[in-house]
Each structure stands twice: as structure tokens, then as C-alpha cells.
Amino acid sequence: MLIMGTNSWEKDIPKEPLVKQALKFAELVKAQGIAELREAYISPNQKLMWCTWETENLEALQDAFTEMNEQSGLKSELRPVEDMCSE
């Protein structure tokens, strides 16, 4: 299933460390067999990141995001989505 994640934050966070942290998180989630990152986008001036994940275990992905949010101060929402372009 395809999942859209939206992430936001309130404090000013430099873009480079934020991107590095997000990519490290994606590697860890993939290594644990939870999900694979498909796409990611960032709008640092608006304090937003979007990402799409492929997973069969939404609960495990949500748990990983909850743990990451507790450590990073980010706020995240995960929702199943359908790809409208690939068909």
C-alpha cells in the first residue's frame, strides 16, 4: 500500500541536517523491513516535508514515525493514498 506522510515543525531547523535526518530515518525503516521510501519533498520556508512510502504494515510505520517525532520534535500524519498517474 502507498502511504503519504506529511511532516511539520515549529522551530527553525536548518535544511541540511533535517534532510540528513530524514534520509537516515528512511534507511532505518527500510533496513527493518517496515517500508520503503518512494519520494520525498521539502519546503523548509513553510516548515513542511512530504514523503510517500510503500508498506504492507502501516501500524509499524506509524510506530516508527511516533518514535522519530518524540526524538525530533516533528509532527507527522500518515494516510493511505492512491497513485493517479501510473495507470
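Residues numbered from 1 in each chain as written. Predicted model: local features only at pLDDT ≥ 70, side-chain atom pairs only at ≥ 80, totals over all residues. Heavy atoms only, no water.

Draft legend 1. Summary view of the overall build of the chain. Counting its secondary structure elements, the chain contains 2 helices and 4 strands. When the elements of the chain are put in sequence order from the N terminus, they spell out β-α-β-β-α-β. Expected size for 87 residues packed as a compact globule is a radius of gyration near 12 Å; at 13 Å, the chain falls within 12% of this value. Counting over 87 residues, the chain shows a buried share of 29%. In the chain, 64% of the contacts between residues at least 6 apart in sequence involve partners at least 24 apart. Counting every atom, the chain has about 6200 Å² of accessible surface; 51% of that belongs to carbon and sulfur. Here the chain contributes 9 positively and 16 negatively charged side chains, and the mean placements of these two sets differ by 9 Å. (Helix = DSSP H or I, 4+ residues; strand = E, 2+ residues; numbered from the N terminus. Rg over C-alpha atoms; globule rule 2.2 N^0.38 Å. Buried < 20%, exposed > 50% of the residue type's maximum accessible area, 1.4 Å probe, protein only. Contact = heavy atoms within 4.5 Å. Areas by Shrake-Rupley, 256 points an atom, 1.4 Å probe, with all protein chains shown as cover. Lys, Arg positive; Asp, Glu negative; His and termini not counted. Charge placed at Lys NZ, Arg CZ, Asp CG, Glu CD.)

Draft legend 2. Region of the structure containing a negative patch on the surface. Judged by side-chain charge, E59, D63, E67 and E70 come together as a negatively charged surface patch. For D63, the location among the structural elements is in helix 2 (residues 58–72). Residue class for D63 comes out partly exposed when judged on its relative accessible area of 46%. (Patch = residues over 30% accessible without salt bridge, like charges linked within 9 Å, V, L, I, M, F, W, Y side chains within 5 Å. Salt bridge = Lys/Arg side-chain N within 4 Å of Asp/Glu carboxyl O.)

Draft legend 3. Spatial organisation of the sheet that holds strand 4 (residues 75–81). Taken in spatial order, the 4 strands of this open sheet run 2-3-1-4, and their pairing is antiparallel. Of all the strands in the sheet, the pair left with one neighbour each is strand 2 (35–43) and strand 4. Neighbour to neighbour, the strand axes of the sheet diverge by 20 degrees on average, direction disregarded. With 7 bridges joining them, strand 1 (residues 2–8) and strand 3 (residues 48–55) adopt antiparallel strand pairing. The residue of strand 3 that forms the bridge with L2 is E54. (Pairing = 2+ DSSP bridges. Axes fitted to C-alpha atoms, helices over the stretch in contact; angles between N-to-C directions.)

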